[in-house]
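Observations on the three-dimensional arrangement
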Amino acid sequence: MQSYYKTVFTNKDHSAPPPEEILFNGKYRACQSDGTIRRCYRDNCNGKLKQPRSRHCGDCQVDRIDFDHHCPWFDSCVSSSTIPSFLRACIFMPLTTLCGSIPILRQLIANFKHVRLFSRSDEWIGNVFWDRWYSYPPGPIGSRFIRYVLGYWKYGSSGSNRRILDVRFDVTLVAFLAVIVSIVAIALFRTVLKGVLSAHSSIDIERQKSHKKISEKLKKDPENSSLLRSLKTLEPNEYFKVEDRVFKVDLKVYDLGWYRNYRRAFCAPDGEYRSTLNEDVIADALSKSDNKLE
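Residues numbered from 1 in each chain as written. Predicted model: local features only at pLDDT ≥ 70, side-chain atom pairs only at ≥ 80, totals over all residues. Heavy atoms only, no water.

What follows deals with the nonpolar core. Counting residues in hydrophobic clusters, the biggest one holds 16 residues, and the most contacted among them are Tyr28, Phe240, Phe247, Val253, Tyr254, Leu277 and Ile282. In terms of residues, this core owes the most to one element, helix α9 (residues 279–288), which gives four residues. One finds Val78, Phe86, Cys90 and Ala185 within the second-largest nonpolar core, a separate group that totals 12 residues. (Core = buried A, V, L, I, M, F, W, Y, C linked by side-chain atoms within 4.5 Å. Buried < 20%, exposed > 50% of the residue type's maximum accessible area, 1.4 Å probe, protein only. Helix = DSSP H or I, 4+ residues; strand = E, 2+ residues; numbered from the N terminus.)

Put into structure tokens, the structure is as follows:
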């Protein structure tokens, strides 16, 4: 619960002052392709400095540093200040479900077996559902779920069988929903952790996929101005300035190796922006760049 509430309420302060411009690796300034400082004027940003890897959240109406996504389950952004607590909450959900289910797990399994056999052999369920045309549209999974619901209802209403059902249907339903939520939490944990270790946020990955799809479409229609604008918007690059030189690097510049990426996300104080770049990627970009500011 602590991790959940920390994720929900950490990003609620929309009146925080904009961050100061920072130097990456002590000498590189983030900028636009023409060398000017990036700013955001959308919603509540009011011209604040737009740091690299920050994205504007339309739900919160502010920029978030290391923005991954806005999670509807938490009604909060998953960004640099909330990723640790978000991942902890996601991993504790299935563990809590498992611990809470252990005392009733044996009875739940026994009930499930009884109801499954009963729902297959009961004449009333066959007449009401299985022999009807509307048993086909839900498909195999949906039909089985409806069968089990009818089985629990009919089986539990039988006086001779009531004593067997020590765990009621509502408890079984809650346990089932908890398992579904746990599966979703594990999927979120895997996706976000993979992004943290590879220094690629979920939105970066999706933008790269969109960039690739648009590039394929442009091969068939190279004069399409709409696709060209979209391609430029989704370009997976960052621009930095050192002295009078502007150079372009791809997003690998944030990848410091999985261990250092992990420490950057989990071991730094919450909310602190880690201004470290991959010097090898920068050196390669500088060797290819001859873009001088006039």
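Still more ground to cover, so stick around.
We now examine the pattern of salt bridges. Should the charged atoms of two oppositely charged side chains come close, the side chains can pair. In total, this model carries four salt bridges according to the counting rule given. Lys209 is the partner of Glu206 in a salt bridge, and the nearest nitrogen-oxygen pair spans 3.7 Å. Residue Glu206 and its partner Lys209 are both found in helix α6 (residues 202–220); the two are separated by three residues, about one turn of the helix. Of the residues examined, Lys209 reaches a relative accessible area of 45% and is grouped as partly exposed. As a salt-bridge pair, Lys219 and Glu216 come within 3.6 Å of each other at their nearest N and O atoms. In this pair, Lys219 and Glu216 both sit in helix α6, three residues apart, roughly one turn of the helix. Its relative accessible area of 63% is what places Lys219 among the exposed residues. Judged by relative accessible area, which is 41%, Glu216 ranks as partly exposed. (Salt bridge = Lys/Arg side-chain N within 4 Å of Asp/Glu carboxyl O.)

On the UniProt side, "transmembrane region" (unreviewed entry) is annotated at positions that read residues 171–193 here. Taken end to end, residues 171–193 is 100% helix and 0% strand, and its first and last C-alpha atoms sit 32 Å apart. (UniProt positions renumbered as here; feature names shortened; annotations may be inferred.)

Right, let's get into the packing of aromatic side chains. This structure, assessed with the given rule, holds four aromatic pairs. When the ring of Tyr28 is compared with that of Phe247, the centres are 5.8 Å apart and the planes differ by 80 degrees; the resulting orientation is edge-to-face. Taken together, the residues span a long stretch of sequence, with Tyr28 in the loop between α1 (2–10) and β1 (29–31) and Phe247 in strand β9 (residues 245–250) at a distance of 219 residues. As far as burial versus exposure is concerned, Tyr28 and Phe247 are alike and both buried. On the basis of an interplanar angle of 80 degrees and a centroid distance of 5.9 Å, the ring pair of Trp258 and Tyr259 is categorised as edge-to-face. An aromatic cluster is present here, built from Tyr28, Phe240 and Phe247 joined pairwise through their rings. (Phe/Tyr/Trp six-rings, centres within 6.5 Å; stacked < 30°, edge-to-face > 60°.)

Attention now goes to the side chain of His70. By secondary structure assignment, the location of His70 is in strand β6 (residues 69–71). Setting aside residues no more than four positions away along its own chain, His70 makes contact with Cys57, Asp59, Cys60, Asp75, Ser76 and Cys77. (Contact = heavy atoms within 4.5 Å.)

This part covers the packing of α6 against helix α7 (residues 225–233). Two elements in contact, α6 and α7, have axes whose closest approach is 9 Å; the angle formed by their N-to-C orientations is 150 degrees. Taken together, the axes of α6 and α7 are roughly antiparallel relative to one another. Of the two elements, α6 crosses α7, and the hand of that crossing is left-handed. Only Leu227, Leu228, Ser230, Leu231 and Thr233 of α7 make contact with α6, whose side of the interface consists of Arg207, His211, Ile214, Ser215, Lys217 and Leu218. Residues belonging to the contact of α6 with α7 are distributed by class as follows: five nonpolar, four polar and two charged. (Axes fitted to C-alpha atoms, helices over the stretch in contact; angles between N-to-C directions. Parallel < 35°, antiparallel > 145°, perpendicular 65-115°, else oblique. Left-handed = near helix turned anticlockwise from the far one by under 90°. Nonpolar A, V, L, I, M, F, W, Y, C, P; charged D, E, K, R; others polar.)

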